[in-house]
Each structure stands twice: as C-alpha cells, then as structure tokens.
Amino acid sequence: MERSRKGTDAGTLGKIAILGGGNIGSAMARGFVQSGDISAGDVIVTRRQVGTLEPLRRLGCTVHSDNIRAVREASMVIVAV
C-alpha cells in the first residue's frame, strides 16, 4: 500500500517551529525528518539550553533559543513545553 504524501511537502507546509526541544519536542522533530515527508531544513527547534539540541543541528534542523524568531519564520508552530 502506497503512502500518500499529499499536503506534506515543504511548499505546502512551510517551516515548522517546535517550541521546546526537550524529550517530546526533539522526538517530534526527528520523527518529521525521518519520515522523509519534511526536510530537516524546514524544522526549527527552540530550547533555552541550545547545546542539548546539537544532534538535531547535525541532522540539519535549525536550532536556537529565540521563540519569537522561530514563530516569525514558521507557518506552523508546535508548543512542546
């Protein structure tokens, strides 16, 4: 059975900001990227201590501590705090 990707390309979704890169937020970011439906460059993850997000940065996600900037850059925001 072929999985539909309708509505999941970056042109449709745009960037996704995940505010709160703890266990749940980081798992969501990894899942989005590993699904192949969303590119790592379209995922922004924030956390006060950005150093803990280094694995996501290496994956290709944008990581920083500025929630306002992340919200401005994204078309979808997930609050995972």
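Predicted, not measured: the structure shown is a model, and the values here were computed from it.

Caption draft 1: Layout of the sheet that holds strand 3 (residues 62-64). The strand order across the open sheet formed by four strands is 3-2-1-4, and the pairing between neighbours is parallel. Each end of this open sheet is capped by a strand with a single partner; those strands are strand 3 and strand 4 (76-79). Between one strand axis and the next, the sheet turns through 15° on average, direction left out of account. Two strands pair when backbone bridges link them, and strand 1 (residues 16-19) and strand 2 (residues 43-46) are joined in this way by four bridges, in the parallel orientation. Residue pairing for strand 2: Leu19 is matched across the bridge by Thr46. The sheet contacts of helix 2 (residues 23-35) involve strand 1, strand 2 and strand 4, and relative to strand 1 the element is tilted by about 160°.

Caption draft 2: Region of the structure containing helix 2. Given a rise of 1.5 Å per residue, 13 residues ought to cover 18 Å, and the 18 Å separating the end C-alpha atoms of helix 2 matches this to within 8%. Here helix 2 has its buried residues at Gly25, Ser26, Ala29 and Val33. Along the axis of helix 2, the buried residues cluster in a sector spanning 100°; they form a single face. Projecting away from the buried face of helix 2 at angles above 90 degrees are the exposed residues Asn23, Ile24 and Gln34.

Caption draft 3: Inspection of the pairing of strand 2 at higher detail. Neither face of strand 2 is left uncovered, since the one carrying Val43 and Val45 and the one carrying Ile44 and Thr46 both have all their residues buried. Since strand 1 and strand 2 lie parallel, the crossover through helix 2 that links them has a hand, and here it is right-handed. Across three bridges, strand 2 lies against strand 3 in parallel orientation. Bridge pairing in strand 3 places Thr46 opposite His64. A crossover links strand 2 with its parallel partner strand 3, the connecting element being helix 3 (residues 54-59), and its sense is right-handed.

Caption draft 4: Region of interest: a nonpolar patch on the surface. Among the surface-exposed residues, Val71, Val77, Val79 and Val81 lie close enough to one another that they form a single nonpolar patch of about 390 Å² accessible area. As for its placement among the helices and strands, Val77 is situated in strand 4.

Definitions and cut-offs
- Residues numbered from 1 in each chain as written.
- Predicted model: local features only at pLDDT ≥ 70, side-chain atom pairs only at ≥ 80, totals over all residues.
- Heavy atoms only, no water.
- Pairing = 2+ DSSP bridges.
- Helix = DSSP H or I, 4+ residues; strand = E, 2+ residues; numbered from the N terminus.
- Axes fitted to C-alpha atoms, helices over the stretch in contact; angles between N-to-C directions.
- Contact = heavy atoms within 4.5 Å.
- Expected span 1.5 Å × (residues − 1).
- Buried < 20%, exposed > 50% of the residue type's maximum accessible area, 1.4 Å probe, protein only.
- Arc of directions from axis to C-beta.
- Right-handed = clockwise from strand over helix to strand, strands pointing away.
- Patch = residues over 30% accessible without salt bridge, like charges linked within 9 Å, V, L, I, M, F, W, Y side chains within 5 Å.
- Areas by Shrake-Rupley, 256 points an atom, 1.4 Å probe, with all protein chains shown as cover.
- Salt bridge = Lys/Arg side-chain N within 4 Å of Asp/Glu carboxyl O.

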